[in-house]
Structures are given as structure tokens and as C-alpha cells.
Amino acid sequence: MRSDAPSGLRVLGRSIAGQRWLVAGSSLLAGAHQASEAMVPVLIGVIIDEAVSTGSTDALLRWIAVLAGVFTVLSVCYRSSARLGERAVERAAHRLRIELTERILDPRGGAESGRLPGALVNIATDDAKRVGTVNMALPATVSALAAVLVSAVALLNVSVPLGLLVLLGIPPLLGVAHLLGKPLERRSEVEQDRAAHASGVAADLVAGLRVLKGIGAESAAIGRYRQISQESLSATLRAAGARGWHDGIMLAATGIFIAVVALVGGRLAAAGDIGIGGLVTAVGLALFLLTPLSIFAWANRMLAQGRASAGRIASVLAAPPAVVPGGDRLPAAPRGRVRLRDLSHGTLRGVNAEFAPGELTAVVTPDPAAATDLLACLGRHVDPAAGSVELDGVPLSRLDPGEAHTAILVAAHDAALFEGTLLSNIALTTPDPPLNGTSPGSGGAASGGVVASEAVVASEAVVASEVALETVVASEAVVASGTAARAMAAASADEVARALPHGAGTVISERGRSLSGGQRQRVALARALAVDPPVLVLHDPTTAVDPVTEARIATGVRELRRGRTTIMVTASPALLAVADRVLMLSEGTVTAQGSHTDLVRDDETYRSTVLA
Amino acid sequence: MPNDPPLSSEAASAEAGAVDAGSVAGRELLPTATTARTRAVVRGLLRERRGQAVVAFAVLIAATASGLVTAPLLGQIVDLVRGRADPAAVTTPVVLLVVVAIVQGVLTAVGVSLVARLGESMLASLRERFVERALSLPLQQVEGAGSGDLTARVTGDVSTVSEAVREALPELARSALTIGLTLVGLTVLDWRFLVVALLAVPVQFLTVRWYLRRAMPLYAAERVAVGAQQQQLLDTVGGAATVRAFRLKEDHVERVTSRSWAAVELALRAVRLMTGFFGRLNVAEFIGLSAVLVAGFVLVRGDVVTLGTATAAALYFHNLFGPINTALFLIDEAQVAAAGLARLVGVTDLPTTQPAPANDRTRPGAPPSANRSRETPSANGSPTGGLVPVDASVRVHGVGFAYAAGHDVLNEVELAIEAGETVALVGASGAGKSTIAKLVAGVHRPTTGAIVLGGADAAELAPETLRRTVALITQEVHVFAGPLADDLRLARPDATDEHLRAVLDRVGALAWVDALPDGMATVVGDGGHRLTVTQAQHLALARLVLADPPVAILDEATADAGSAGARTLETATAAALAGRTALIVAHRLTQAATADRVIVLEAGRVTETGTHDTLLTTDGHYATLWAAWSAPRHDPVA
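Residues numbered from 1 in each chain as written. Chains lettered and ligands numbered in written order. Predicted model: local features only at pLDDT ≥ 70, side-chain atom pairs only at ≥ 80, totals over all residues. Heavy atoms only, no water.

Q: I tried to follow the overall build of chain A on my own but got confused; where do I start?
A: A count of helical and extended segments in chain A gives 21 helices and 12 strands. Looking at chain A as a whole, 56% of its 612 residues qualify as buried. Here the contacts in chain A between residues at least 6 apart in sequence split such that 77% fall between residues at least 24 apart. Within the structure as shown, chain A displays about 23,500 Å² of accessible surface, and the carbon and sulfur contribution to it stands at 58%. (Helix = DSSP H or I, 4+ residues; strand = E, 2+ residues; numbered from the N terminus. Buried < 20%, exposed > 50% of the residue type's maximum accessible area, 1.4 Å probe, protein only. Contact = heavy atoms within 4.5 Å. Areas by Shrake-Rupley, 256 points an atom, 1.4 Å probe, with all protein chains shown as cover.)

Q: Quick question: what am I supposed to make of the overall build of chain B here?
A: When its secondary structure is counted, chain B shows 22 helices and 12 strands. Looking at the 638 residues of chain B, the share that counts as buried comes to 54%. Considering only residue pairs separated by 6 or more positions, chain B has 76% of its internal contacts joining residues 24 or more positions apart. Accessible surface, chain B as shown: approximately 26,200 Å² in total, 59% of it carbon and sulfur.

Q: Sorry if this is basic, but what is going on with the packing of helix α1 (residues 8-17) of chain A against helix α9 (residues 290-317) of chain A here?
A: What describes two packed helices is the angle between their axes and the distance between those same axes. All names here are of chain A. Where α1 contacts α9, the two axes come as close as 7 Å, and the packing angle between them is 105°. In terms of orientation, α1 and α9 fall into the roughly perpendicular class. On the side of α1, the interface is formed by G8, L9, V11, L12 and R14, while α9 contributes G306, R307, A310, G311, I313, A314 and L317. Residue composition of the contact of α1 with α9, by class: 7 nonpolar, 3 polar and 2 charged. (Axes fitted to C-alpha atoms, helices over the stretch in contact; angles between N-to-C directions. Parallel < 35°, antiparallel > 145°, perpendicular 65-115°, else oblique. Nonpolar A, V, L, I, M, F, W, Y, C, P; charged D, E, K, R; others polar.)

Q: Is there a simple way to explain the side chain of R133 of chain B in this structure?
A: Residue and element names in this part refer to chain B. Locating R133 in the fold gives a position in helix α5 (residues 91-136). Although buried, R133 forms no salt bridge, and the nearest oppositely charged side chain, E132, lies 5.0 Å from it. A polar contact is formed between the side chain of R133 and the backbone oxygen of L350, at a distance of 3.0 Å. (Lys, Arg positive; Asp, Glu negative; His and termini not counted. Salt bridge = Lys/Arg side-chain N within 4 Å of Asp/Glu carboxyl O. Polar contact = N/O pair within 3.5 Å; in protein donor to acceptor, adjacent residues only side chain to side chain.)

Q: Can you help me understand the interface of chain B and chain A in this one?
A: One frequently used descriptor of interface size is the decrease in accessible area upon assembly of the parts. Of the residues lining the interface, 160 residues belong to chain B; the matching set on chain A comes to 155 residues. Interface area, chain B with chain A, both sides summed: about 14,000 Å², of which 68% is carbon and sulfur. Applying the counting rule to chain B against chain A returns 5 salt bridges. The salt bridge involving R467 of chain B is made with E218 of chain A; its shortest N-O contact spans 3.0 Å. In this structure, the connection of chain B to chain A is made through 27 residue pairs in polar contact (both at pLDDT 80 or more). Per-element accounting of the side of chain B that touches chain A gives the leading share, 31 residues, to helix α11 (residues 249-301) of chain B. Split into classes, the residues belonging to the side of chain B that touches chain A amount to 84 nonpolar, 41 polar and 35 charged. (Buried area = accessible area lost by both parts, 1.4 Å probe.)

Q: How should I be thinking about a nonpolar patch on the surface in this particular structure?
A: On the surface, a cluster of nonpolar side chains totalling about 580 Å² of accessible area is made up of V176, W245, I249, I256 and V260 of chain A together with I102, V106 and V110 of chain B. When contributions to the nonpolar patch are tallied by element, the ones reaching two or more residues are α7 (218-270) of chain A together with α5 of chain B. A per-element tally of the nonpolar patch places α7 of chain A first, with 4 residues. Within the secondary structure layout, I102 of chain B lies in helix α5. I102 of chain B gets classed as partly exposed once you look at its relative accessible area, which sits at 44%. (Patch = residues over 30% accessible without salt bridge, like charges linked within 9 Å, V, L, I, M, F, W, Y side chains within 5 Å.)

Q: Even after reading the chapter, I still don't get the sheet that holds strand β6 (residues 470-473) of chain B, so can you show me in this structure?
A: Within a sheet, each strand pairs with its neighbour through backbone hydrogen bonds, oriented either parallel or antiparallel. Residues and elements named next belong to chain B. Spatial strand order, β6-β9-β10-β3-β11-β12: 6 strands in an open sheet with mixed pairing. Here the strands that pair on one side only, and so sit at the sheet edges, are β6 and β12 (605-610). Across the sheet, the mean angle separating the axes of adjacent strands is 20° when strand polarity is ignored. Note that β6 and strand β9 (residues 551-555) share 4 bridges and pair parallel. When the sheet's bridge partners are listed, V470 is paired in β9 with V551. Packing against the sheet, helix α13 (residues 433-441) makes contact with β3 (422-426), β6, β9, β10 (581-585) and β11 (597-602), and its axis sits at approximately 155° to β9. Sheet strands in contact with helix α22 (residues 621-630) are β3, β11 and β12, and its direction is about 100° off that of β11. (Pairing = 2+ DSSP bridges.)

Q: Could you clarify how one ought to interpret the packing of helix α4 (residues 117-158) of chain A against helix α8 (residues 276-288) of chain A in this entry?
A: Residue and element names in this part refer to chain A. Between α4 and α8, whose axes approach to 10 Å, the crossing angle comes to 155°. It follows that α4 is roughly antiparallel to α8 by the angle criterion. In this structure, α4 crosses over α8, and the sense of that crossing is left-handed. Contacts from A147, S151, A154, L155 and V158 in α4 reach G278, A282, L285 and F288 in α8. In the contact of α4 with α8, the residues fall into 7 nonpolar, 2 polar and no charged. (Left-handed = near helix turned anticlockwise from the far one by under 90°.)

Q: Just checking my understanding: could you explain the pairing of strand β4 (residues 386-391) of chain A for this structure?
A: A regular strand places its side chains so that they alternate between the two faces of the sheet. Residues and elements named next belong to chain A. Of the strand pairs in this sheet, strand β1 (residues 338-345) and β4 are connected by 5 bridges, and their pairing is antiparallel. Pairing of L340 across the sheet is with V389, part of β4. The turn joining β4 and strand β5 (residues 394-395), which pair antiparallel and follow one another in sequence, is formed by 2 residues; a positive phi near 50° is taken by D392.

Q: Looking at this structure, I do not really get the confidence of the model for chain A. What am I missing?
A: Should the pLDDT be low somewhere, the predicted coordinates at that spot are not to be read in detail. Put simply, chain A has an average pLDDT of 83, and 88% of its residues get 70 or more. Here residues 430-480 of chain A scores under 50 on pLDDT; set against residues more than four positions off or in separate chains, the count is 51 contacts. (pLDDT = per-residue confidence, 0-100.)

Q: Just to check I follow, could you spell out the sheet that holds strand β3 (residues 360-364) of chain A for this structure?
A: All names here are of chain A. Here we have 6 strands laid out as an open sheet, ordered β6-β9-β10-β3-β11-β12, and mixed in their pairing. Each end of this open sheet is capped by a strand with a single partner; those strands are β6 (408-411) and β12 (589-594). Strand-to-strand, the axes of this sheet are offset by a mean angle of 20°, without reference to chain direction. Pairing analysis gives 4 bridges linking β3 to strand β11 (residues 581-586), with the strands arranged parallel. The residue bridging V363 from the neighbouring strand is L583, located in β11.

Q: Please explain helix α9 (residues 201-238) of chain B as it appears in this structure.
A: A rise of 1.5 Å per residue sets the reference length of α9 of chain B, with its 38 residues, at 56 Å; its end C-alpha atoms lie 52 Å apart and thus fit the reference within 8%. Taken as a whole, α9 of chain B carries its principal kink of about 30° at A215 of chain B; the proline P217 of chain B stands between one and four residues after it. (Expected span 1.5 Å × (residues − 1). Bend = angle between axes of the 7 residues up to and from the residue.)

Here it is in C-alpha cells:
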């Protein structure tokens, strides 16, 4: 049997099956809609025949009433089928979007490997929508079949030879259209790529506007854009010419086809084999049938697109996890002893080291790749190639990755901030807007000042909006609870909050882009400290911070983490100076260890790495 | 209670370059053109292509008109049959039908191509004008509007207008022509057919009004919801590693779910609206069609028209269903495009540059540059009759600055940097360092006092001259999408490959550039090879060397690179600044220590100035900073 990793076809099948009732209902109604559409030209013929040419008022009224009935059915069926179908499309796309998000965020990881965030987002939006659209392609196919069926019956009823002429003549006509359309489609793809390129270049130049202005390169940039725009224009014009001829040839071919139908029908009518109404019906249906047949072509295209998109979605859903969960459990309250045993991964060559519970250790390495590899192993983004990372004697690879994350938190150098208030970014346990009933005023004396000033700064926001009010109330509660406030103070993030217009209630946008680099770093550090994990690993937490603040942060981290295991991967002397012990990691192994002062005195590599 | 004064809050966030999404209050969006002005611009674009436009529409009208001959020809066949003519008589109208089909096909092909050519060339010249103006806008104005405003226009509005020109415009033109000419055709058959066909119009009018009232706000809300969904996905997916590390999965799945569902609900409301629209149009179709049939019935019975004419009228009207639906539906797309167009025209209509004060054009051609020979004015630079700095010195005289009136960020700042000197600006966050950098670079104008570059008041320099004199590099790194060499050539379009390599070598970047998959031809930036922050800053320094300005200002340029990267960049910076006057906003005090002079800024005022060594002896703020910085760096061997 196959594993539960979904293939493209299974993704597609599931997406249809998940909405089967909507799809079935929509198909039924769409069939009725197109059948009614086919009845309209038939009825025009009948009215010409039975009423206009005979002059019978009774017949006129009767058939106009029938026409009204057909229009009612047509309109009602169209509306309901489109609504049901689109609901099926949107729901299926929504489900896929959530499923993809869950897979990407899975603690075992692995889904992002080799894909840029933008590409993944496209899969979760565009591809999900295309797979969903297959739910509309099915009702469309059914409706087209119904229309062809009704038309065929009506035509053959008028005259067998004329009916056969129309029914057999249309497929070659569409074949011609298809042949003509193929190169056009390719061309328009090229054209779209070029147009997208031109607008991409424009957006890129605007995004780099400050950089351009900084070096006075605006006119060079304008010249470059003009050139690309003109290239895009000439590609577009070639494609537009092709499209013009495609439309023209289709019109001519359809016109000639109608002429042939008129010729045969007219001769049959003149010979008395069919009535005038039959002739009108035949001409009307010959024109009408182009619609259902182009629906077939559309549905076919949607199905092909949907299959391709389903394949892309399946490849994300089925991506092998980066780490394999094990079955062991951690003790309820981990002591936080971390041991690296012959750890080899990437640039690491058999690293042995121990981090005692409650110890503040720094790791210095001149090789950024070694730092990345070490952090990946500690954070369990990967399972090491050889050796192990043990927590309280349990190798991480024997734990569930989610559980490993509860015990060891790795705060990456480029950690992302998320949309929300500053406070909601730091006090993670509290949802936003949070009201978890912690009573204000129970905070420690140390954070009292913070509480007060923030409450005051934030209170300005109260006037601004009710939403802000909620945030303010919440921030008071959370700050009063102490953890977040102490973390903010230790990371000097309280200063950041004070500098913002609504204090800790200020909304951070675009992944923290609205903050400066130093502000972002301090908020991210405060967040990691606020989690208060048994083992905290910090990577270069203060690179964008001024020296005085950095020194304050070093002391703050030292104090706040007292009694908890902390590992800092950094080359900042201010942080190294507060560490209990510093490990020098060079050429993939630990080459020296000791206090910062000792290493500065004794180790040449250390000196050159740390003291630039 | 310490009522933390808003003054310092704003000053600090401004210094940090922070743009707060919440505080839209003081934001002044870029202008949007009035409808009249937008029309005038479109007319202007059309006037430039008057001949082309006339021919294109004439051909399209001829194409549509020829198509309308079909229905009467079919009617003629009906009459022939009814008149019991010889079956062979049918041949003549059939041959005519074939001729009409071919003529219509050819004319349509030519007409569609011509209309596309017209629309596309207008579009190209509009978008070029837009980008040109957008890139020439003063930064202060762009930042005042929020960078999102300009980005939204260049991505969203340009593509909305493009799609309208490409897809909607030709369809709309053809549908409108078909409708108009069919109505003419009905009149030719018999004027009474036209009158009864118009019975459908009140229903159509009410339907369109009903639809447009709901469509605009609904589609706007849908676009916002889809944008929010996209943003949330980018947030969540881009931060997946952080989400996992902090175990925020549930929270983020919930965020995505609620944003996605909001978008779904709005999409479904839009579907309901659209189906309601077409459903109501069905009513109009029925009214019109039955009215034409009844009119035919009455006219044939009264012997006013033949059965063939009545048939032709019915076929005419039945063939109108498609074009009417298309045209009415596109009205809404046309409105969206018009709104986008107004936002584009709003930007293209902005004045090119702030008008330079007229009084100081008098100083006769000052010598180019005493310090550096700069005989290559930029390709399309303005004539060099204007004011020109005489050397590479920088003076800041009594400068004050406030982002918001009354909240001064800088006060009476005095600075003097000699030509060729490197000065480090030091101070805590919020002291106003970045603001000074921006003022000297000409991004902002001082509220009081003056910036003097090489003896010339910066406020009176032509923008071109100003930009060739001072370059500003900030911590904001951007790698331009495309080959790496093209990125560098933005700074100097005529640079040869050898020149580029020499510059990369000078800033120490040649080794990693050569190690890229295609060397300097490697496609980098968005969608290409991803460069590290350090590499991106390396490129920024290479661009600086290529642009070769006499004065360079570096603001936090090495801050985000991590400790190892920062040192690499410091070496590169020193190489890039050699021979230039430089002002460095320094976080790493090693940069201050190696500078010729250090200026300490506290709360918007210069408090200390002097060499590194003298400042250490004065026991002031700098000495404190240095102590904090160097204590853990103390090297007992040294």
C-alpha cells in the first residue's frame, strides 16, 4: 500500500469529494440552466412558425407564456448553480489553505526546504484556488452536455440531415479554433511573463527607492525601466496582433458555417421538407452551440490546471519531515542539563560539551556556518548526522520535536515578529486581544515603574479607539503579572515601548519592519526571555544595539536567567563578559574554554574573533 | 505618575526611522487626480495618436457593421422560402453570407490589433511617466505618505489599468459597437422594432444601478480581505521557524483560518451579487425578446413587414444577449480601472522637483570640485550653470528639526566636517543621529538653520547636483532584482565589467561574487539568488564607490549583519570611504575609534566633539560609552 502521503490526484479527488453535495447540486442545476438556454432559439423558431406566420393570437400568447417559463427556470437555475458551485470552489480552497498552513508549521518541519516563503504562499493561495475551481469545472461540463443533448434532439427533430450537419460540423469548427488558439496561448503566456517582468521591475525599483536616492541613481533606474517597458510593449503588440487574427478567423469560420447551414436549411425549406421555424431554429442553434462547446474547452483547461496545482500542493503536503519524532518523554520539570555528545553535523566535527543546569554559557565561533549548524541541532530543526544532543540524559532525537521545543528554546538571530501589538509579540501565552483575568496591581516592585509609565502612555490610545482600550486593559493585566515586564526590562524593550506612540499597545506591522533593527532585536529578545524556558539559546541578540544598552542587556539577561540554563552563541564581548564560561568552537570542535578574561589572555583565535 | 512626554516618544521613533502603522493621523497620501484631470490626460494621450485612433475605430466600426448584414440576409432566405422561390435562388444570399463572413473576419482582425496597439502604447507611455515621476519624488513626500502608498500604486494600480486596457477595453469597444449598430439595424428593419427593444432598457438601467451601488464597496472589501489573507500567510510562512520554536502553531493556524474565511465569505457575497446581476438581466432579455416577437407578430399581420424581416429582428435581438451582458458587466471593471488611473495620474501630475529658489542662480560658474575631479556629469544632467559646491566640506549651521511642529528632534546643531575627513556620530537611540544623517543627505530640509556643502547652501543646490555630491547608505539593504552587474550599474551605467570587478575587489567582495553560480551575471534579488545581509551591504558599498560622491553618509550600515559580518563590513567601509568626506552614524565604537573625529549627540544637541583620544580624557558621555564598550574587550596583552 501507498503511504498516507497524498499524490496530486488524491488531493484533487479529496477536494471534490469534500464538497460532493454542493458539486452534485450545482451540476444538476447547471444542466437545467443550459438546457433552458438551448430552448430559447428553439422557441424563437416555434413562435415565428406557429404565431407570426399564422397570425394566431392564441398561439402567440401560449408560446410567449412558455418562453416566460423557460426564462424563469433558466434564471433560477443559473443563480443557484453558480452559487453552489462557487461555494464548493471557495470551501475546497479554504480547506487546502489551512491544511497547507498546518503542514508548514508542523513541529517536524521539512515543508519549506527548497522553497521561498513567497512560493509557498502562492501555493496556498493560487494553487489552492485552482484546485478548488475544478469543483466548478464539473458542473460546467454537465451543463454543456445537457445543452448539446437538448440541441441535438431539437435539431434532429427538425430534420435529420440538417441536424447531423450542425452536430457534425461544430467539432471541426472548434478544432480549427483550438489549432489557431494554441500558438496564441503560448504567445500570450510569453507576453504575460514580459508584462509581469516589467511591473516586477517597477515594484522592485520603488522598493529600493531609498537606496537609489542614496546614491543618486534615479535617472539610471528610469532609463532601465523605460527600456524594459518598451520591450514589454513590443511583445504585447505581437501577441495582440495574433489575438486579432485569431478572433477574425474564428468569426469568418463561424460565418461560413452559418452560411452552409442556411444553404442546406433553405433548400430543405424551399423543397417543403422543413418549416420556416425549423430553419430559424437550426440557424439559432448553430450559433448557440458554440457556447456549450467552448464550455467543454474551458472545463478541460481548468481540469489540467487543477491537476498541475494539485501536484504542487501534494509535494508540500508530502514533503518528508526534517526530523523524525521519537517516543520518549521528558520529565515534567526538566532540570536543563544539555550535553553534546560527539555531535557531527555540517561543519561540526564531533563536538563534546556540557551545559550544566542554571549555567550561563557562551559559544564563540569564527565560522558563521558552525553557529548555524549548532543552533539547528539544539533547536531540533535537524537530527544530527552523528552523535547527539541530550537534554537531562534524553537524546533530542528520541523526543517529539514539539516537546523538545518546550524545553529548549532557540531564539534565532533573524527571528520574525508578527502582526499585533508589541505586547502580544512578547507575552505569547496571552492571545491578542487578551483578557485572562490576572488582577492588576499584583506586580513586583521592580516592574512598578514600567506598569505605571506604560499605562499612562497607552492611556492616550484609549481616546483614539475602543480596540486600543482593550489592549490597554490587557497590557496592564499582563505587565502586572510580571513575567513579560521583567523580560522587557531585561531586554531593554521597555525603552522601545516607551518610544512608541501607544507604548506596548502599539501595533507592529509587516513583520516588525515598522521598527528599527535595534528595536526589533530587543523585542525579539524580550519575547524569548518571557517564555522562560528551562533551556534558552540566544544567537547574536544585540548586534544592532548601542554599547550602553548592550551592557545593560547583558546584565539583564544574566539576572533574569539566574538558575536557568542559558547558551549564548555570540562574539559580543559585552555578553561574553557576563557568561560563567565561554566555549571556543573552531574548525568544528571545541578548542578552548574558560572565562572571557582567560580566553582573551590565552587564546589567539579567540582574541582575533572577539576583539576586532 | 511619570507622564512620559510624547515629545521624546516621537523623537525616538522618528530617529529610528520607525513608521508606525497605527498612526495614520499625520499621514499625507500622494494625490489622486480628479475625474476631469484624468480624462484630460487620456485625451492628451489620444491626441498624440489621433490618426492611429481614428483609423482603429473606423476599422472596428466597419467590421461590426458588416457583421450586421448577416441577420437581414437570413431574413431574405426566409422570405425566399416563403415566396416559394426556386431552391437555387437561396444560393445568392448564401454566397453573400460567405463574403460578409470573410470581410467581417479580416476587418475584425485588423481592428482588434489596431485598438490593442493604441491602448498598449498609451499604457506604456503612462506607466513610464509614472515610474519616472515616482522615482523622482522627494523621499520626504514618499515617506510622508507611507511607503505602502507608492508600492500599491506601482503594483496594484498599474496592473489593474493594464488588464483593463488589455482585456476589458477591446471587449467593451466591440460590445458597445455591436449594441449600437444592432439598434441601428433594428431601426433600418423597422423603427418600431427599435422602440419595443428599448423596453428592456429601464430594467437594465435599474440593474446596473443596483449592481454598481453594491459592487464597488464589496469588491473593495474583498480586495482588502484577500490582501490581509496574503499578508497573514506571508507572516506565518515567512516566520515558520519562529512559530515552531515558540510553539505558536495553533495561534497561527487560527489567524490564517480567520483571515482566509473572511476572504471566502466576501468572495461568496460577490458571487451572490454577480449572479443577482445576471439574473436580473435575464428579465430584461425576456422583456426585450418577447416585445420584438410580439411587434413582429403585429407588423406581419398588418402586412407592414415581411416574415423574413420579423425573423431578422428576432435574431438580431437574440444575438444581443452576449454583448449586452459583457458591456454592462464591464462597467464595473471600467470604474475600478478609472480609479486606478486617477491614482496614477495623481502621481504623474506632481511637479518634477521642488522649485529651486530663484534668487541664487546668480553665482557664476563656480569651479567644479577642488577636491575631486568630477568631469562626468550624469548623462541627462541639467546644464551646469547652477550653483556647485567648491569642495567636499560639510557645515551644519544652527540646525533645528522637528517631525511634528513643537517637538524638536534637533536643536541648534553645529557641525563642521573638513573635506576628506571621517567623522563618527555617536549617541544613544533617539538622540537624533539618523535625523542629522538625513538632513545632510538632503532627504529632509532643516526647520531652522542651514546645511552647507562645499560653501553652497544645500537648499539652493539643484537636486541633481545635491545627489551627485552626497550619498547616503542606510541599514535598509535592497538588492535589485536581476544580474548582479546590472544592480551595480545603476550607480554608474557606463561602467565596464573590468571597472565593476575592480570596485568589487576594492570593497573585498570579489571573492564571493566570483563564487556565485554565474559570477557577476548571477541573477540576484527577488526571485533570484538570495544574498546574505552582509553581502547585500557589500553591494551597497560597491555602489557607493561606483557613484563616487565626494561626501558619503553611512547610517547604521553595518548594524544588522551579525558580529562576524560587521567586521568584514568595517574593512569594506574603510576602503569605500577612502578619499571621501564621511559622516558615520556609529553603533560599533570601533568605527568611532578609527574616525578622525567623534561628535556626541544627546537629546538633539551636540554635547561633545573631538578626537577619540581627547574625548576619553574629558570624562564625558563618550568616555562612559567607551567604557561600556571596551571593558569586556579589554585585552591584557595589548
